[in-house]
Number of protein chains: 6
Amino acid sequence: VSSRRKIRLPVDSAEVPRYVGIATFMHLPLMEELDAVDIGVFGIPFDLGLAYRPGARFGPSAVREASRLIRRVNPATGVFPFALCQVADVGDVNCHPYDFDGAIAEIEAFVVRLRANGALPLACGGDHVVPAAVLRGLRDLAPLGMVHFDSHPDTLDVFYGKKVTHATAMRLAVEEGILDPARCIQVGLRGSQWDGKDYENSVQLGMNVVSYDRYESIGREAMIAEIRDTVGDGPAYVSFDIDALDPSEAPGTAVPEPGGFSMRDVQVILRSLRGLNIVGADISEVSPPYDPTGITAVNAANLMFEILCLMVEADVTRRR
Amino acid sequence: VSSRRKIRLPVDSAEVPRYVGIATFMHLPLMEELDAVDIGVFGIPFDLGLAYRPGARFGPSAVREASRLIRRVNPATGVFPFALCQVADVGDVNCHPYDFDGAIAEIEAFVVRLRANGALPLACGGDHVVPAAVLRGLRDLAPLGMVHFDSHPDTLDVFYGKKVTHATAMRLAVEEGILDPARCIQVGLRGSQWDGKDYENSVQLGMNVVSYDRYESIGREAMIAEIRDTVGDGPAYVSFDIDALDPSEAPGTAVPEPGGFSMRDVQVILRSLRGLNIVGADISEVSPPYDPTGITAVNAANLMFEILCLMVEADVTRRR
Amino acid sequence: VSSRRKIRLPVDSAEVPRYVGIATFMHLPLMEELDAVDIGVFGIPFDLGLAYRPGARFGPSAVREASRLIRRVNPATGVFPFALCQVADVGDVNCHPYDFDGAIAEIEAFVVRLRANGALPLACGGDHVVPAAVLRGLRDLAPLGMVHFDSHPDTLDVFYGKKVTHATAMRLAVEEGILDPARCIQVGLRGSQWDGKDYENSVQLGMNVVSYDRYESIGREAMIAEIRDTVGDGPAYVSFDIDALDPSEAPGTAVPEPGGFSMRDVQVILRSLRGLNIVGADISEVSPPYDPTGITAVNAANLMFEILCLMVEADVTRRR
Amino acid sequence: VSSRRKIRLPVDSAEVPRYVGIATFMHLPLMEELDAVDIGVFGIPFDLGLAYRPGARFGPSAVREASRLIRRVNPATGVFPFALCQVADVGDVNCHPYDFDGAIAEIEAFVVRLRANGALPLACGGDHVVPAAVLRGLRDLAPLGMVHFDSHPDTLDVFYGKKVTHATAMRLAVEEGILDPARCIQVGLRGSQWDGKDYENSVQLGMNVVSYDRYESIGREAMIAEIRDTVGDGPAYVSFDIDALDPSEAPGTAVPEPGGFSMRDVQVILRSLRGLNIVGADISEVSPPYDPTGITAVNAANLMFEILCLMVEADVTRRR
Amino acid sequence: VSSRRKIRLPVDSAEVPRYVGIATFMHLPLMEELDAVDIGVFGIPFDLGLAYRPGARFGPSAVREASRLIRRVNPATGVFPFALCQVADVGDVNCHPYDFDGAIAEIEAFVVRLRANGALPLACGGDHVVPAAVLRGLRDLAPLGMVHFDSHPDTLDVFYGKKVTHATAMRLAVEEGILDPARCIQVGLRGSQWDGKDYENSVQLGMNVVSYDRYESIGREAMIAEIRDTVGDGPAYVSFDIDALDPSEAPGTAVPEPGGFSMRDVQVILRSLRGLNIVGADISEVSPPYDPTGITAVNAANLMFEILCLMVEADVTRRR
Amino acid sequence: VSSRRKIRLPVDSAEVPRYVGIATFMHLPLMEELDAVDIGVFGIPFDLGLAYRPGARFGPSAVREASRLIRRVNPATGVFPFALCQVADVGDVNCHPYDFDGAIAEIEAFVVRLRANGALPLACGGDHVVPAAVLRGLRDLAPLGMVHFDSHPDTLDVFYGKKVTHATAMRLAVEEGILDPARCIQVGLRGSQWDGKDYENSVQLGMNVVSYDRYESIGREAMIAEIRDTVGDGPAYVSFDIDALDPSEAPGTAVPEPGGFSMRDVQVILRSLRGLNIVGADISEVSPPYDPTGITAVNAANLMFEILCLMVEADVTRRR
């Protein structure tokens, strides 16, 4: 795409104060003509899947507002992502407010439409059932590897009698053949468990599981290597449940679990994943009503920028 | 019931400081043996029906905590409700977290079980779909009149394709023959409308509608008379959507609508309804994550006490 | 305009949940082609003029978010404003972050551009210096009458050595010949004063001043009549400083003054001003960082809808 | 005093922005030389007497900060109190943090020292046990009448086994001969009661009790007359428990009771008490940790200004 | 006990959503029959001892609510504590609201009653004077070692003239022969000091003091070893003042001291103390009014679970 | 100075509870007679320079309030700064509310007046343009080295067309010959950048730049050494923009940038700078309206104490 037309850049915060104007993700242009888009950033205002605190339906709105802060260039990698391909805010999925399964289908259809236009999805949830739906939309690129930041493995079989929930999403994507479990890694897992076998579910599926305990034991560099080894060169997805962060850095979420990553941790980890072939991503579980200081949304906006930089570089590489 | 056994009173706040102990509604004893209960106060932690701000699933918890403030005697009527019959906190309905229709059935079953034990329900929602379910549990007493405090009529036919929602609950109860619309009155209606015919739905069903505009025009005394005239002597239900209050007195709710009742208004109105044959009630739509000062929960707790006083007096009258 | 083309309506909240999508004022279409617009709703993210609490620069963003709640039809008047002429969100003025006078000029230029396209301005401040600038942009319609809701008269001569401030804006517009003081009325004035002659400044300019004391003494109906008498049939402006409301209804503002209007008061007053020839308006001084419950922004969004209804009806009348 | 020296005025907010400088009550000079003071405004950071929510120990600090807003002249009466006699911030009582009785003695001693210098006390609590102590310091002016704004009568005999508490303070002052009950009036009483005889305690002591119910029934004018009739011309005290206000206007307090006064109510009432011989006052029960918007402190600061105006005018009258 | 009867487990969060039901500590059964209890978890709603910010009296209530999040199995150790012995929520101590010494006696009596039934105490304060009283109740097991997490040593001789305060509690327990100072270790100490000899008091008593500076210098593993060496095999107590955590992880406390432990630190440390013979514990100083995000209570609930796991394993070991 | 007179100490918190009394910085005496002062701590309530979130004008007020917590002795170094020379709260600069350049001049004049009295400045901003002005006031001691903690370099040439802004302050001070760039070091830089050359501006000026990435790479000890090497023995200034801290420790600031210093980091770093010849300092960018837990102000107060300890020791050294 980007070779065909002039790229539309975000509003320049050195010319327009960051508090001016409609809030789009990272000041991006709001584009409906998807054929001009390389990477579509969009919201999934949906939280019917939450089993504890609700509120993630307002996540996209809060992250858009917080992302006013984002400037243009990555301080560590020097990447100016908006100039390398056409990134756009492509709006929100119109998730049905009551119909859980219908909303899941709407999310999938939204991503399918992006793919039909050659665009890649960078989603902002919504509760962490959303990767189940986004991944379905990426079937054309399957099987995918995955880097999954979370405090919970999300690989139960059923949860309260349901197959599609935030607690089962990752198992589902494996069972549906979209994720290749051998190229999937879950990092940061911790928190009290349902029955002591919570992580074994993932292991039995074939995923690589790095609990927070193991992360601390092997260290950041080793884990980065392990992520790269696991995911390999094939197309991969990044799923970031904001509760991977310690609650001091992300209080505004459904199920805070103390003893997690700092923003510094995940910034460094993400910046070390350059070269991975990231073709889609979600950042989920920002719950604005539980975020009075707004720090959770600010952190999510920064992570969105980091992941976008990875996606853009991968996109440029692929198009070479 | 109460004649058969010694009534268990709430903890006495003149002997135990109000911040001491497990939070039950109004310091009531927590009773599982329903056959000893005359009026069962319970929570309905359910909010899947909300079409805007979620959070009401934590309403029962917040109102229990806020109700620590409640003492014993009604300052206007002198009623000491806890001494007149057995009031108890009978816990929460175990609402399914994903299955909307299942949860509605669970609520109904909970009330049916209360009724089977001869007890009357005083429910704390949850979103304002809950009266649809509570009323189903009161079928044995139907047809019922109703005093409905709200800013919205909740009498749409379908809402986003669904018959059972907070926007359709009251129509449903009429159609199911539980409410006698001729003995139903809706008070406090206001707020921008979907299509300008929002109140006509109620009128066409046969209900008496008193918008906030009309309330202000006729005055408090006239409206009290109108309520009494409409509801009459038959069994009746009180449904109190907390958004009937002005948002300055109830910011913690799903859909705040400015220009509503003050607590003083509704305290006086409720105290003037002595003698009505109230057999059940709900107080709904308290959304704790949007209530940083806790005022919404404090007000809901006070209203629960007022409605309880009405229910107790009616109960005593009936048992005479 | 509206006769020439099909009107673009806001997103329909009965089809798209209100928490879905980019936040524009009242779900309005975001339009840059001003020639198709009859009434342009826009933000003025500017607060350099504040002499106490800052934060109003985030007012437009917060009011856009809060206005997700607004539906379509006025419950008192039955007006469906969006269908009567083309209303649009036309973005924000790009106010310079440091250059006070430059920003004032930018605001004026923005309104002049609206006028050049035949559109009328409905502005969302920003601090309450903004009417000084908006009114300059309306010079082509001068002299204007004004209905000014505020707790302060804003008619000092200079404030901290400056002629253009939130404390002097209304005097300035008179001196510049844009306001006809004989057709201007200030309502709701109260609060401790600088020197006891604060209101006399307005009176000496020729304005009609209705302090909150006098409002309470004469009553709502009489004040409505007085507003209508003062403003007359000529073109008029509505300036609404949100601190006109009591701080219990608008805590998020720069200078809260207890003892003010309720939302109910101002809803009824505004709805009684149908027929006035309103050609422009501003709602100012919403300060999100001081508004943890969001009630101030919710109220401002509702007032914006009320004023819009007046402007639309006046527009339709003029075009007949 | 004031005739003897030049009065030191508060910092002029038209010359120094209100957010500049150390926070004293109403920008008053901080004076330790009490012999130059006519009216000493001071804090009582004490809350050991609270039986529910603590926090009032930070009341003086929060009210000082909020009182930055206060300008100079009363908008209704035109009184410029700071120019009529020497008003000063005379600091805080050094209340012992653990020793309840010791702290009470320290408060009394502080007021006695003010009296020894010919000054009158305007106290900012602290919990509402403080009037018991302040009144003891005013013994030289006894017997005193009282205007007591509260939602609770504070005339129990003992509370949790103690004679000196916020729930017994007013009875104590009567029993100690400091208050003349026949010249005392309690206004605004409401809220659920301990045993239904809560107000009778006051009546039996000889006080005039105006519950909020009666207030509403007789109206504002009649109550003002009743206050004036009750208190008469003798020296009198004003005790203002901030929970007299409705919780929507004063959420930050120990025991919020819905259905109370608005600020408008009490502003008008206080302004109508000109001519009463007010010789001391307290404003109590502001609890900053429960006041996230700061509205409670803002309202308390405004009430302090109103009461000060009464005290100053009475002082001028006496010195004539 | 547990061998004698069937253990009552907490409500299963995989069957009942965590927001459903009365809030007890960790969904535990509420049991009054103490003879069936092995470990009694209880609240001490008391904060008269605080010399700065109050509010800890609401600590038990907030921790109960936050502990809804806790599931069943420790993620690091695999321990399922609720299945190994009978753990129960045994309610709150009825602390007198005014009588400091009386309340201390009530706390002691409560623990003595637990001991008389063979149960061990896990207390949730309240301010950090509570270990002084809990330890008195554990005299039958004295002398005890102690692991004390705090930013302050609490070993002053007198504080504001009092021997029993949060600043003197640990010295008192030594002087009373309940703590064996040679088996006591204080970790995490930091913050500005009263006179530079604050830690020497502890050292002179014979305790091992590990300031945060020393902790950082020796590292986590060495400190764990030092704790184990100091405390040895004898019965020991864990006292956790939540201000041991950095204020970014525990803002809701009386005296926040920056530069402290992370949750990760203390989780790992506690999990490494398996095998210590822990016979009692308290978690104190959670102050809900200063905890708008609730993170402090969430962290305290998680720490309570960690300490419970230690107590349960020790209990099982002892009973073998 | 200190040799000439008796030093006035802060109020002793072991005798007066910390919540008692007017809030001055660290309970310091409020002194207007500057000739007796060695180190003047003062506020700069100014935030016109902010290009994103406003509010820092209330920074001095909030830090004064939070500094009630500070006791007397540094826990790491044992320094009791208040006893070594005369430290005083010397009030606030009367910054003009509208006139940016005038306010800058007022700040400079305030510092010049301190210098004329032989005192050194420890300023509390205000937005981070304030060092530009404070440094001008220190011209008599120039050229100065600097330790600058920040997430942004503040060395743009112009920002929105202005030379004196928070984004240009440090370049300005170099160009004006006040800072010797070869003795200046900036630490903690991070965050998305304007154009990728943000740090090069500083390097080209001749400053030593330690991004947070480099800090992490070299470690704390190496950075301390680098700071000491860079700054050397000459007079130096400390500028601490609170956004140098991670937002989890300082959410209340204008431009939060995740991934920054912890309080522990900066405490250790500052304590390791003993012996540097610090002659002035500022702590800036605390924005109270974005700090609902107050943690940002608490941290700033603690940092102020740390920097004061450095200044006092340097002062004692110089006077030897």
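Everything that follows concerns the structure shown earlier in this document.
Thresholds, definitions, all that
Along each chain, residues carry numbers from 1 onward, in the same order as the chain's sequence is written. All chains are assigned letters beginning with A, and all ligands numbers beginning with 1, in the order in which they are written. Since the coordinates come from a predicted model, pLDDT governs what is reported: local features require at least 70, and pairs of side-chain atoms require 80 or more to be given and counted, while whole-chain, interface and lining totals use all residues. Calculated side-chain values reflect all of the structure's heavy atoms, with hydrogen atoms and water omitted. Whether two strands pair depends on DSSP finding at least two bridges between them. Each helix is a run of DSSP H or I of at least 4 residues and each strand a run of E of at least 2, with the numbering of both proceeding from the N terminus. For every element, the axis is a line fit to its C-alpha atoms; helices are fit only across the contacting stretch, and the angle between N-to-C directions ranges from 0 to 180 degrees. Whether two residues touch is decided by their heavy atoms; if any such pair falls within 4.5 Å, the residues are in contact. Least squares is the method for superposing the copies, and the C-alpha atoms it fits come from residues with pLDDT of at least 70 in both. Salt bridges are identified by distance alone: a Lys or Arg side-chain nitrogen within 4 Å of an Asp or Glu carboxyl oxygen. Classification of residues uses two cut-offs on accessible area relative to the type maximum, computed with a 1.4 Å probe and protein chains only: under 20% is buried, over 50% is exposed, and between them is partly exposed.

Asks: Explain the sheet that holds strand S2 (residues 87-92) of chain B to me, please; I cannot follow it from the model alone.
Replies: Pairing between the strands of a sheet is mediated by backbone hydrogen bonds and can be parallel or antiparallel. Residues and elements named next belong to chain B. Spatially, eight strands are ordered S2-S1-S3-S8-S7-S4-S5-S6 in an open sheet, and the strand pairing comes out parallel. Only two strands of the sheet have a single partner each, and these edge strands are S2 and strand S6 (208-211). Pairwise comparison of adjacent strand axes, ignoring direction, gives a mean angle of 15° for this sheet. Each of strand S5 (179-189) and S6 touches helix H6 (residues 198-205); the most contacted strand, S6, lies at about 150° to it.

Asks: Just checking my understanding: could you explain the relation of the copies chain D and chain C for this structure?
Replies: Taken together, a rotation about one axis and a shift along it account for how the two chain copies relate. Note on the identical chains: chain D maps onto chain C by a rotation of 120° and an axial translation of 0.0 Å, with an RMSD of 0.0 Å. Here the symmetry operator amounts to a three-fold rotation axis. Among all residues of chain D, the one whose C-alpha sits closest to the rotation axis is serine 248 of chain D, at a distance of 3.4 Å. Little of the interface of chain D is mirrored in chain C, where only 6% of its interface residues again form contacts.

Asks: What exactly am I supposed to notice about unusual backbone geometry here?
Replies: Among all residues except glycine, the phi angle is most often negative; among peptide bonds, the trans geometry is most common. Each neighbour pair has its own omega, and for glycine 125 of chain E with glycine 126 of chain E the value is 15°, a cis peptide bond. When you line up the elements, glycine 126 of chain E lands in the loop between strand S3 (120-125) and helix H4 (130-137). Unlike most non-glycine residues, aspartate 154 of chain D shows phi in positive territory, near 60°. Its location among the elements puts aspartate 154 of chain D in the loop between strand S4 (144-149) and helix H5 (169-175).

Asks: Looking at this structure, I do not really get the pattern of salt bridges. What am I missing?
Replies: A side chain of one charge can pair with a side chain of the opposite charge if their charged atoms are brought near each other. One pass over the structure, following the stated rule, counts 148 salt bridges over all chains. Measuring nitrogen to oxygen at the nearest pair gives 2.7 Å for the salt bridge that ties aspartate 213 of chain C to arginine 264 of chain D. Of this pair, aspartate 213 of chain C sits in helix H7 (residues 212-218) while arginine 264 of chain D sits in helix H9 (residues 263-271), placing the two residues on different chains. On the basis of relative accessible area, aspartate 213 of chain C is assigned to the partly exposed category, the value being 29%. Classification of arginine 264 of chain D by relative accessible area gives buried; the value is 8%. Here arginine 214 of chain F and glutamate 226 of chain F are joined by a salt bridge, their closest N and O atoms 2.8 Å apart. You can see arginine 214 of chain F sitting in helix H7 (residues 212-218) and its partner glutamate 226 of chain F sitting in helix H8 (residues 220-231), a full twelve residues away along the chain.

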